[in-house]
Amino acid sequence: MKKQKISWIVLSIFMCFSFIGIAQNPIIRNQYSADPSARVFGDRVYVYPSHDILSTEGKGRKDWFCMEDYHVFSSDNLIDWTDHGMIVQQNKVPWVRPDSYSMWAPDCIERNGKYYFYFPSTPKDTITYGKGFTIGVAIADKPSGPFIPESNPIKGVKGIDPNVFIDKDGQAYLYWSSRDIFGAKLKANMLELDSEVKILGDLPSKGLKEGPYVFERNGIYYMTYPHVENKIERLEYAISDNPLGPFKVMGTIMDESPTGCWTNHHSIIEFKNQWYLFYHHNDYSPTFDKARSVRADFLTFNLDGTINKVIPTLRGIGVTSAVNEIQMDRYSNISEKGTSIAFVDAVDTFKGWKTVLSQSNAWIEYNTVDFGKKRLKSVTVKALSSTGGILQIRTNGINGTVIAEVKIPVSTTWQDIKVPVKKFESGIQNVSVQLTDNNKQVEVDWISFE
Ligand code: FUB
């Protein structure tokens, strides 16, 4: 190995803590994460989420949000996500109470080659800044940091969930929430308000609103926000011809979580001519909704600029290479009967999920897999079965061509079973796995081609 290559590897180890390499939802798989603020900087998407941790004795409030730092993640293909490590932590910010565990939803924006990271927390000095949340800024020369926190929070701001929007004319706006949504102009230094604070009062008056996220498309300013119309939050939007309104309420972007995750919090970006919604759900922690995980799905507009409702998926975004592990449990389609999804290890949920096929013809399908041009000769299935069973693997979806038949042996431990691919279809394919026999049960962790 050349010396230059060795030093590059050493450098990468110091700069990036892990390479996640996963396309499906949730996209962040090495920790809990929430409130994703996605931004396109250069040819990469950067995601600045909150970092949920579980409170323990003396660390945060029991059964509540517990957050002590922020990481940033990035990807150039929306599949392989890099964790660039911790960028800001509560006990390194001069104005933050070092044991506040209140580093809630952040945002980041670029201006003149500097990256401004906005974050809410509770101050040490409540006489100067008052009780409750206020918002501070940390500045970096690169989107992945290092970020240097300002000594004081922004004057005149009380609340959470900062969001910054820079208009075409260069004017920057800061939005935040505290039951209602507030907005003000920012000075060119991005650190001070440059106008009166305005309550954006034309949004729904009943129920909590938070997590503002503003963007502009074809001259329409979209104010998007989680809102509690009933019991829990759903994502809604309003539009205007001005960044500070008045806004006209338009409708829902994403319905309430069907499994009751109380919060949702999102951001919307366009990347390589496709729009995306980043949001969160409590995938790794289904019984505790303060330990959340970031997801992403496609977002589309109608010709008149209205937003089509986004139905959350497990499949998520991005093209998965056939030579990587294809996690079928993050499916795009599933048979009505006989297929279910479960954690591989209910104690350590970060080990991910498995597909359980438990009756004949039960199937699962995973879309947008890139088989490339070069013939792939074999497929490996990571499977576990107490009964044994035969799986058929197809490209072109569940009604497509059977490209391999895999005999899964009886076993009490996970096995990698490799068989030849009988027929190869190149390019982007939807892959399905189907159990052929009755009275059998086969669990599949992933499949992968070579
Ligand atoms: O993550 C803590 C809080 O929960 C955020 O600030 C809100 O937007 C909600 O997601």
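Please read these numbers as outputs of a predicted model, since none were measured by experiment. Per chain, the residues get numbers from 1 upward, laid out in the order the sequence is written. Only residues with pLDDT of 70 or above have their local features reported here, since the model is predicted, and side-chain atom pairs are shown and tallied only from 80 upward, although totals for entire chains, interfaces and linings are computed over all residues. With hydrogens and water excluded, all non-hydrogen atoms of the structure serve as input to the side-chain values.

## Overview of empty space enclosed by the protein
Stage number 1. Computed over the protein atoms alone on a 1 Å grid, cavities are sets of points where a 1.4 Å probe fits but cannot get out and pockets are open sets with protein on both sides within 12 Å along at least five of seven lines; a residue lines them when it has an atom within 4 Å of a point. Grid points are joined across faces, edges and corners, and a volume is the space filled by probe spheres set on the points. Per the stated rule, a full pass over the model turns up 1 cavity of 30 Å³ or more.
Stage number 2. Taken as a whole, the largest cavity encloses approximately 50 Å³ of empty space.
Stage number 3. For the largest cavity, the lining is made up of 13 residues, of which Pro106, Pro212, Tyr213, His265 and His266 are closest to its centre.
Stage number 4. By definition, any uninterrupted DSSP run of H or I lasting at least four residues is a helix, any uninterrupted run of E lasting at least two residues is a strand, and each is numbered from the N terminus. Where the lining of the largest cavity is concerned, the elements lending two or more residues are strand E2 (34-41) and strand E10 (160-166).
Stage number 5. Looking at the lining of the largest cavity element by element, the count peaks at 3 residues for E2.
Stage number 6. When residue character is reported, Ala, Val, Leu, Ile, Met, Phe, Trp, Tyr, Cys and Pro are called nonpolar, Asp, Glu, Lys and Arg charged, and the others, Gly included, polar. Considered class by class, the residues forming the lining of the largest cavity number 5 nonpolar, 6 polar and 2 charged.

## Concerning the side chain of Arg295
Stage number 1. By secondary structure assignment, the location of Arg295 is in strand E20 (residues 293-299).
Stage number 2. Type-normalised accessible area, obtained with a 1.4 Å probe on protein chains alone, sets the label of each residue: buried when under 20%, exposed when over 50%, and partly exposed for intermediate values. Judged by its relative accessible area of 7%, Arg295 falls in the buried class.
Stage number 3. At 2.7 Å, the side chain of Arg295 forms a polar contact with the side chain of Asp283.
Stage number 4. Leave out the neighbours within four places in its chain, and Arg295 touches Asn25, Pro26, Leu277, Phe278, Tyr279, His280, His281, Asp283, Pro312, Thr313 and Leu314. Polar contacts, as used here, are pairs of N or O atoms within 3.5 Å; protein pairs need one atom able to donate a hydrogen and one able to accept it. Residues neighboring in sequence count only if both atoms are side-chain atoms. By definition, residues are in contact when any of their heavy atoms lie within 4.5 Å.

## Structural notes on the environment of Arg375
Stage number 1. Position of Arg375 among the secondary structure elements: in the loop between strand E25 (363-370) and strand E26 (378-384).
Stage number 2. Separated by 229 residues in the primary sequence, Arg375 and Pro146 have C-alpha atoms spaced 44 Å apart.
Stage number 3. The contacts of Arg375, once residues within four sequence positions are left out, are Val421, Lys422, Lys423 and Phe424.
Stage number 4. Engagement of the side chain of Arg375 in a polar contact is seen with the backbone oxygen of Val421, the distance being 3.4 Å.

## Focus: the layout of surface pockets
Stage number 1. Approximately 540 Å³ is the volume attributed to the largest pocket.
Stage number 2. A per-element tally of the lining of the largest pocket places strand E19 (residues 274-281) first, with 3 residues.
Stage number 3. The residue makeup of the lining of the largest pocket includes at least three contributed by each of domain 1 (21-299) and domain 2 (320-449).
Stage number 4. Roughly 390 Å³ of volume is contained in the second largest pocket. All the domain ranges listed were derived from an automatic or database domain assignment.

## Points about the pairing of strand E28 (residues 401-408)
Stage number 1. Here, any two strands with at least 2 DSSP bridges between them count as paired. Across 7 bridges, the pairing between strand E27 (residues 389-395) and E28 is antiparallel. Within E28, the position partnered with Arg394 by the bridge is Val402.
Stage number 2. In sequence, E27 turns back onto E28 through a hairpin of 5 residues, with Asn396 there showing a positive phi of about 70°.

## Some points on unusual backbone geometry
Most peptide bonds take the trans form, and the phi angle of most residues other than glycine is negative.
Stage number 1. A cis geometry characterises the amide bond from Asn25 onward to Pro26, with omega recorded as 0°.
Stage number 2. In this structure, Asp161 is a non-glycine residue whose phi angle is positive, near 60°.
Stage number 3. One can find Asp161 in strand E10.
Stage number 4. With phi around 70°, Asn396 is a residue other than glycine that occupies positive phi space.

## Notes on the site of the ligand
Stage number 1. Consider each residue's heavy atoms; a residue with any of them within 4 Å of a molecule or strand counts as near. Neighbouring the ligand are the residues Asp35, Phe65, Met67, Trp104, Ala105, Ile160, Asp161, Glu210, Thr263, His265, His280 and Arg292.
Stage number 2. Contact distances for the ligand include 2.4 Å between an oxygen atom and a side-chain N or O atom of Asp161.
Stage number 3. A distance of 2.7 Å separates an oxygen atom of the ligand from a polar side-chain atom of Arg292.
Stage number 4. In the complex, the protein chains occlude 99% of the 270 Å² of accessible area that the ligand would expose alone. Note that accessible areas follow from Shrake-Rupley with a 1.4 Å probe, and for residues the cover is restricted to the protein chains shown.

## Observations regarding the domain arrangement of the protein chain
Stage number 1. The domain architecture assigned to the protein chain consists of domain 1 (21-299) and domain 2 (320-449).
Stage number 2. Taking the mean C-alpha position of each, domain 1 and domain 2 sit 37 Å from one another.
Stage number 3. Buried area adds together the accessible area that both of two parts lose upon being put together, with accessible area traced by a 1.4 Å probe. By the criterion of area lost to domain 2, the three top residues of domain 1 are Gln24, Arg29 and Tyr284, representing 56% of everything that side buries.
Stage number 4. Criterion for a salt bridge: a side-chain nitrogen of Lys or Arg within 4 Å of a carboxyl oxygen of Asp or Glu. Where domain 1 meets domain 2, there are 0 salt bridges.
Stage number 5. The interface formed by domain 1 and domain 2 includes 3 residue pairs in polar contact (both at pLDDT 80 or more).
Stage number 6. Each residue belonging to the side of domain 1 that touches domain 2 can be placed in one class, and the counts come to 6 nonpolar, 4 polar and 2 charged.

## Comments concerning the packing of aromatic side chains
Stage number 1. Stacked, tilted and edge-to-face are the three classes assigned to paired rings of Phe, Tyr and Trp, where Trp is represented by its six-membered ring and a pair needs centres within 6.5 Å; plane angles under 30 degrees give stacked, over 60 edge-to-face, the rest tilted. Going through the model one piece at a time under the given rule, you end up with 31 aromatic pairs.
Stage number 2. Where Trp64 meets Phe65, the ring centres are 4.7 Å apart and the plane angle is 65°; that geometry is what we call edge-to-face.
Stage number 3. Relative accessible area serves as the criterion here: at 10%, Phe65 is assigned to the buried category.
Stage number 4. Summarising the aromatic geometry, the rings of Phe117 and Phe147 are spaced 5.6 Å apart at their centres and angled 55° between planes, so their arrangement reads as tilted. In this pair, Phe117 is assigned in strand E7 (residues 114-121) and Phe147 in the loop between strand E8 (134-140) and strand E9 (148-149), connecting sequence segments 30 residues apart.
Stage number 5. Judged by its relative accessible area of 0%, Phe117 is buried.
Stage number 6. Overall, the relative accessible area of 6% leaves Phe147 in the buried class.
Stage number 7. Joined through ring pairs, the aromatic side chains of Phe41, Tyr46, Tyr48, Tyr70, Trp95, Tyr115, Phe117, Phe119 and Phe147 make up one cluster.
Stage number 8. Comment: the charge-over-ring label is applied if NZ (Lys) or CZ (Arg) is within 6 Å of the ring centre and within 35 degrees of the ring normal. The ring of Trp64 carries Arg61 above its face, with NZ or CZ at 4.6 Å from the centroid.

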